[in-house]
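Take a look at the letters that make up each chain.
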Amino acid sequence: MKICIYGAGAIGGYLGVQLARAGVDVSLVARGAHLAAMRANGLKLLIGGEERIVHPRCTDNPSELGPQDFVIICLKAHSITGVLEQMQPLLGPHTRIVTAVNGIPYWYFHKHGGALEGSTLESIDPGGRQWRELTPQRAIGFIVYPATEIEAPGVIRHVYGDRFPLGEPSGEITEDVQRLSDVFVKAGMQAPVLDRIRDEIWLKLWGNVCLNPISALTHATLDVICSDPATRALSKAIMLEAQTIAEKFGARLVQDNGPYSDIYSREISDLNGHVSDCATESR
């Protein structure tokens, strides 16, 4: 299996080390000092009190790599459109695009159904270029929960988490999505295949849209935001508004007795009273 990680920063680097150690043919697209360090010394992951070092192919020129089975995009969302041309050599007839970008992805309304089926969003995909050049048919949904950081060029520190839910936009359990899940599990990570991947996209976004801007504006940490009466009330109001929007598009954020209820219980608390644990994994 050939996997290219496009944007081998903190999360991409973590994935690169874990997948390479599992025997996957991994290549990394990066730039600058981080790329130079990986080329010179390999890619180091600091995790659980140990160092793991791998030496995958690293480049800033994707045309050197050829078609891949999977391309995992770990760029910030606003950066993707600017590298679409460079990505093209990675795309063979059966290449799948894995959008490791928290938030609403370019393919969101592919296989969505209803009046918005096939719609693109200018704020996410300017000019619809991702839809046309990556195509929604290639897409696999993917949510990032772990926290990692670049400690130094070529060195990634794992902070917590190993869960990467994934799923087809259609909700089908295809051979491709199962293969990807299996290789993540082999690499020591959790990759549950969900038949309602959009619910999980909104769940992750639920915490981010609420707590991230409050933290940025107040410089407060999550424990303070969720315990101070004013910011707790604001958090609840934002989450209720986000829930209303999500449900307008058919998403279900709370499944008290559903198959993913254990996931939901870790991400949020009772919206009727408390939000103190609502984003223990949302960064």
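Look a little higher up for the structure.
Attention here is on the structure that accompanies the text. Treat the numbers as computed from the prediction; the structure is a model and nothing was measured.

### Focus: the nonpolar core
Residues Tyr6, Ile73, Ile80, Met87 and Leu134 are the most contacted members of the largest nonpolar core, which totals 41 residues. Going through the elements one at a time, β1 (2-6), β6 (68-73), α3 (84-87), β7 (91-99), α6 (197-218) and α8 (229-248) are the ones with two or more residues in this core. Core analysis: the next-biggest nonpolar cluster, separate from the first, contains 38 residues, Tyr14, Val24, Cys74 and Met189 among them.

### With respect to the sheet that holds strand β4 (residues 50-54)
Within the open sheet, the four strands sit side by side as β4-β3-β10-β9. Their pairing is mixed. Both outer strands of the open sheet, β4 and β9 (147-152), are each paired with one neighbouring strand and no more. On average, adjacent strands in this sheet sit at an angle of 25° to one another, irrespective of strand direction. Summarising the sheet, strand β3 (residues 43-47) and β4 pair through five bridges and their orientation is antiparallel.

### Quick look at the sheet that holds β6
Spatially, β5-β2-β1-β6-β7-β8-β11 is the arrangement adopted by the seven strands of the open sheet, whose pairing is mixed. The open sheet has two free edges, formed respectively by β5 (57-59) and β11 (166-167), since each of these has just one partner strand. Across two bridges, strand β8 (residues 139-142) lies against β11 in antiparallel orientation. Within β11, the residue paired with Phe142 across the bridge is Leu166. Seen against the sheet, helix α5 (residues 175-186) touches β1, β6, β7, β8 and β11 and runs at an angle of roughly 70° to β6.

### Side note on the environment of Ile140
On the secondary structure map, Ile140 appears in strand β8. Residues Ile140 and Val98, 42 residues apart in the sequence, show an inter-C-alpha distance of 4.9 Å. Other than its neighbours up to four places away in sequence, Ile140 contacts Phe70, Arg96, Ile97, Val98, Thr99, Leu166, Gly167, Glu168, Val177 and Leu180.

### Let's talk about unusual backbone geometry
A positive phi angle, close to 65°, is found at Lys111, a residue other than glycine. Among the secondary structure elements, Lys111 is positioned in the loop between β7 and α4 (129-133). The backbone of His219 shows a phi angle near 65°, a positive value even though the residue is not glycine. You can see His219 is positioned in the loop between α6 and α7 (222-225).

Cut-offs applied
Chains are numbered independently. Their residues run from 1 in the order of the written sequence. Local features in a predicted model are, by the rule used here, given only for residues with pLDDT of at least 70; side-chain atom pairs are given and counted only at 80 or more, and totals for whole chains, interfaces and linings are based on all residues. Side-chain metrics in this entry use all non-hydrogen atoms of the structure; hydrogen atoms and water are not considered. Working definition of a nonpolar core: buried Ala, Val, Leu, Ile, Met, Phe, Trp, Tyr and Cys residues. They are joined through side-chain atoms within 4.5 Å. Between buried and exposed lies partly exposed: a residue is buried under 20% and exposed over 50% of the maximum accessible area for its type, with that area taken using a 1.4 Å probe on protein chains only. Comment: elements are numbered from the N terminus, with helices defined as DSSP H or I runs of at least four residues and strands as E runs of at least two. Note: two strands are recorded as paired if DSSP finds a minimum of 2 bridges between them. Axis angles are defined between N-to-C directions and span 0 to 180 degrees, where every axis is a line fitted to C-alpha atoms and, for a helix, only to the segment in contact. Residues are treated as being in contact if the distance between any of their heavy atoms lies within 4.5 Å.

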